[in-house]
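# Chains, contacts and geometry: an overview
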Amino acid sequence: MSKKLLVIGGVAAGASFAARARRLCENAQITIVERGPDVSFANCGLPYFVGGEIVSRDALAVQTPATLNAMLNLNVQTCCEALRIDRAGKRVEVCYQDRSETEWLSYDKLMLAPGATPLRPDLPGIDDPRIFVMRNLQDMDRIAAAVESGMRAVVIGAGFIGLEMAEQLRHREIVVQLIELQNQVFPQLDAPMVKLIESELHQHGIGITLGDGVAKFEPAGEFVRCHLSSGKVLDADLVILSIGVRPDTVLAREAGLALGPHGHIVVNEFQQTSDPDIYAAGDAVETHDRVFDDKTVVPMGGPANRQGRVAADHVFMPEKARPYPGSLGTAIARAFGVAAGITGWSEKRLKTAKRAYETVTVNDHQHATYYPGAKPLTVKIIWEPDTGRLLGAQVNGCEGVDKRLDVLATAITAGMTVEDLCHLELAYAPPFGSAKDVINLAGFAACNRIDGLVEQVTVLPDDEQVQIVDVRPKPLSEAFPAPCPVINIPFPTLRANLDKLDRNRPVLTLCAFGKMSYFAARILKQHGFNVQSFSGGLKANVDPRSPAKLPTA
Ligand SMILES: Cc1cc2nc3c(=O)[nH]c(=O)nc-3n(C[C@H](O)[C@H](O)[C@H](O)COP(=O)(O)OP(=O)(O)OC[C@H]3O[C@@H](n4cnc5c(N)ncnc54)[C@H](O)[C@@H]3O)c2cc1C
């Protein structure tokens, strides 16, 4: 007898499950029920339609029930909501919204892929129709219809969706204010690694308010007035709420399936829930953290698609199915001409979890500096002190951010150490990279640290005893002064000026990118100084988009 598969939720995880299931079994009966009018649409592309970068709405509606039927022989019911699961009877009650009819659909195996709902906190005024969330094509249509050039928008929440929305609204010549509760945008990353994005947003006229949240909304004539906790008031024609998501797991809870502490469905490595005939995948589930042996949640498109595939494999070839190995939480966001991203754990997350780590930040360029168009690129790596194993990495810059992030995600997945990074043989020709790629440099810098060649600090000392030596060229030192008193000894003149320094007092070397200060620290150390180097340099004071030929010593 053919197997009956029923899928609740027909977008990333659900559609991926159904497609793989069909490829494994031609005669299975596969039904998808989807609450919305669209199936298998590109939710990640929604912001770009609002901003006009994606011009065709049809491009986002990747499949329709008819194409899924034609290509995969799937029975797709849109505008059809699953209401309850009868586990004992192995059936699901569904409601066809257009007919207001309900029906019980039976299954041999059930896939729960209901995703997550954007948070809409219960604040005064939250029901104002000018306050939007972005989850599906209908949300996108509503926002696109509301947007007119010259309007004012407030985007609340500066995670990757908030950043994308702020950027895209700006493309439509909207005056945008971005509000974030934490003290930085893109809060998954460590604060110094998002400064570049923050400065780019400022340069494109986006106002940023950090460390503040919305307390209430109220109608104010043609505007909706946003009152922030600090007392600040912002009037807007439209508000985008992008403050996170909550797993859509009411059905699973009511069916008595095991849920994690934050309401996510608990699954095993083959995506089976506490009921072996019910699988779950995507934003609604808890998953395994790939770096440490922990539980985590990663509401992202990649994990959702791959988990759906794992579940289908387990249904049709349990003996061959490969377990889902867990997620790293790799994420990237662009703001106009710059990008930043993370893979694995951040420094602040490790600190909060009280886990031991070491970290270095290096600055270089995406390709050889003598080749036209070289632009700065910053890489931060974090590793386990005892083993050297990579725990996380972050990258920012103008070009080549995704490439480095992907290499580092692969390295973490492979359990590589910082030593392994030193000799990764990455593609190099002048338009693409450097003979020593910035990833190799990160490995070198980590090994220098491990070998005791240099002591590094990431915070400027508040101690008058410390002699801070700025080894940048004088014009650069004067044009972009360090935020503390310094002795400027340009690097090429250091050996000749050692007598300007007091050997009995500690020295900190600093420069623009952290490289020359390391070289200077090596000279001083070998001359008997007690010296530290300022890791990562004063890059924040250098225009990140300026050509590589700036005096960057
Ligand atoms: C604007 C936006 C941009 C994004 N950008 C990125 C990105 O750049 N990179 C990235 O990795 N991720 C991105 N994501 C996240 C990514 O889209 C999600 O992680 C992924 O879609 C989750 O897949 P899912 O199948 O779990 O849920 P979804 O894709 O949300 O699908 C769940 C579906 O289930 C349906 N459903 C729920 N309950 C029922 C029910 N009872 N009956 C019937 N149907 C039901 C819902 O209507 C929904 O359509 C973005 C998300 C959004 C909203």
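Residues numbered from 1 in each chain as written. Predicted model: local features only at pLDDT ≥ 70, side-chain atom pairs only at ≥ 80, totals over all residues. Heavy atoms only, no water.

### Quick notes on the overall build of the protein
The helix and strand inventory of the protein stands at 14 helices and 30 strands. Computed over its C-alpha atoms, the radius of gyration of the protein comes to 27 Å, within 12% of the 24 Å expected for a compact globule of 553 residues. The dimensions of the protein, computed from C-alpha atoms along their principal axes, are 90 × 65 × 40 Å. Per-residue burial for the protein yields a buried fraction of 54% across its 553 residues. For the protein, restricting intrachain contacts to residue pairs at least 6 apart in sequence, the fraction spanning at least 24 positions comes to 62%. When the accessible surface of the protein is totalled, it reaches about 24,000 Å², and 52% of it is carbon and sulfur. (Helix = DSSP H or I, 4+ residues; strand = E, 2+ residues; numbered from the N terminus. Rg over C-alpha atoms; globule rule 2.2 N^0.38 Å. Buried < 20%, exposed > 50% of the residue type's maximum accessible area, 1.4 Å probe, protein only. Contact = heavy atoms within 4.5 Å. Areas by Shrake-Rupley, 256 points an atom, 1.4 Å probe, with all protein chains shown as cover.)

### Some details on the environment of lysine 525
Looking at the secondary structure, you find lysine 525 in helix H14 (residues 515-526). The class for lysine 525 is partly exposed, based on a relative accessible area of 36%. The spatial distance from the C-alpha of lysine 525 to the C-alpha of glutamate 455 is 9.9 Å, given a sequence separation of 70 residues. For lysine 525, the residues in contact, after removing those within four places along its chain, are Gly452, Leu453 and Val531. Polar side-chain contacts of lysine 525 include one of 3.0 Å to the backbone oxygen of glycine 452. (Polar contact = N/O pair within 3.5 Å; in protein donor to acceptor, adjacent residues only side chain to side chain.)

### Some words on the confidence of the model for the protein
Mean pLDDT over the protein stands at 95; residues scoring 70 or higher make up 97%. Note that residues 540-553 has pLDDT below 50 and, in this model, 28 contacts with residues that lie over four places away or in other chains. (pLDDT = per-residue confidence, 0-100.)

### Thoughts on the pattern of salt bridges
For the structure shown, the criterion picks out 28 salt bridges. Note that arginine 35 is salt-bridged to aspartate 248, the shortest N-O span being 2.9 Å. Highlighted residues: arginine 35 in the loop between strand E2 (29-33) and helix H2 (46-50) and aspartate 248 in the loop between strand E17 (245-247) and helix H7 (250-254), separated in sequence by 213 residues. Note on arginine 35: relative accessible area 38%, which makes it partly exposed. (Salt bridge = Lys/Arg side-chain N within 4 Å of Asp/Glu carboxyl O.)

### Description of the sheet that holds strand E13 (residues 214-220)
An order of E13-E14-E15 is seen for the 3 strands of this open sheet, with the pairing classed as antiparallel. Two strands close off the open sheet at either side, each with one partner strand: E13 and strand E15 (233-236). This sheet shows a mean twist of 25° between the axes of neighbouring strands, independent of strand direction. As paired strands, strand E14 (residues 223-228) and E15 are joined by 4 bridges and run antiparallel to one another. When the bridges of E15 are listed, cysteine 226 appears paired with leucine 234. (Pairing = 2+ DSSP bridges. Axes fitted to C-alpha atoms, helices over the stretch in contact; angles between N-to-C directions.)

### Describing the site of the ligand
Residues in contact with the ligand amount to 31 residues; listed here are only the nearest, Ala13, Glu34, Ala82, Asp283 and Gly301. Take glutamate 34: an N or O atom from its side chain is 2.7 Å from an oxygen atom of the ligand. In this structure, an oxygen atom belonging to the ligand sits 2.8 Å away from a main-chain N or O atom of glycine 301. Here the ligand, which alone exposes 980 Å², has 90% of that area covered by the protein. When contributions to the shell around the ligand are tallied by element, the ones reaching two or more residues are helix H1 (12-24), strand E4 (80-86), helix H5 (160-171) and helix H8 (301-316). (Near = heavy atom within 4 Å.)

### Section: a nonpolar patch on the surface
Residues Tyr370, Tyr371 and Tyr428 make up a contiguous nonpolar surface patch of about 340 Å² in total accessible area. You can see tyrosine 371 is positioned in the loop between strand E23 (358-365) and strand E24 (376-383). (Patch = residues over 30% accessible without salt bridge, like charges linked within 9 Å, V, L, I, M, F, W, Y side chains within 5 Å.)

### Section: the packing of H1 against H8
Relative placement of two packed helices is described by the angle separating their axes and the distance separating the axes. Contact geometry of H1 with H8 gives a least axis separation of 7 Å together with a crossing angle of 35°. The chirality of how H1 crosses H8 is right-handed. Every residue of H8 that contacts H1 at Ala12, Ala13, Ser16, Phe17, Arg20, Ala21 and Leu24 is listed here: Ala304, Asn305, Gly308, Arg309, Ala311, Ala312, Asp313, Val315 and Phe316. Split by residue class, the contact of H1 with H8 holds 10 nonpolar, 3 polar and 3 charged. (Left-handed = near helix turned anticlockwise from the far one by under 90°. Nonpolar A, V, L, I, M, F, W, Y, C, P; charged D, E, K, R; others polar.)

### Remarks on the sheet that holds strand E18 (residues 278-280)
Here we have 5 strands laid out as an open sheet, ordered E3-E2-E1-E7-E18, and parallel in their pairing. With one partner strand each, in any of the chains shown, strand E3 (75-77) and E18 form the two edges of the open sheet. Looking at each pair of strands side by side, their axes are set apart by 15° on average, direction ignored. Here E2 pairs with E3 via 3 bridges, running parallel.

### Structural notes on the environment of serine 149
Inspection of the secondary structure puts serine 149 in the loop between helix H4 (137-146) and strand E10 (152-156). Spatially, the C-alpha atom of serine 149 lies 22 Å from that of arginine 334, the residues being 185 residues apart in sequence. Not counting residues up to four positions away in its chain, the partners in contact with serine 149 are Arg172 and Glu173.

### Topic: the nonpolar core
Across soluble globular proteins, nonpolar side chains show a tendency to be buried alongside one another. If you look at the biggest cluster of nonpolar residues, it comprises 44 residues, and the most contacted ones within it are Ile143, Leu169, Leu178, Val185, Phe186 and Leu201. Discounting chain neighbours no more than four positions away, the residues touching leucine 178 are Val155, Gly157, Ala158, Gly162, Leu163, Ala166, Val185, Leu201, Ile206, Gly207, Ile208 and Thr209. (Core = buried A, V, L, I, M, F, W, Y, C linked by side-chain atoms within 4.5 Å.)

### A few points about the pairing of strand E5 (residues 91-96)
Among the 6 residues in E5, 5 count as buried, and that is most of the element. Turn length for the E4-E5 hairpin, with the two strands adjacent in sequence and antiparallel, is 4 residues, and the turn residue lysine 90 shows positive phi of about 45°. Sheet topology note: the E5/strand E6 (residues 101-106) ladder contains 6 bridges and is antiparallel. Across the sheet, the residue bridging to valine 92 is leucine 105, located in E6. Where E5 folds back onto E6 in an antiparallel hairpin, the turn is made up of 4 residues, including serine 100, whose phi is positive at roughly 50°.

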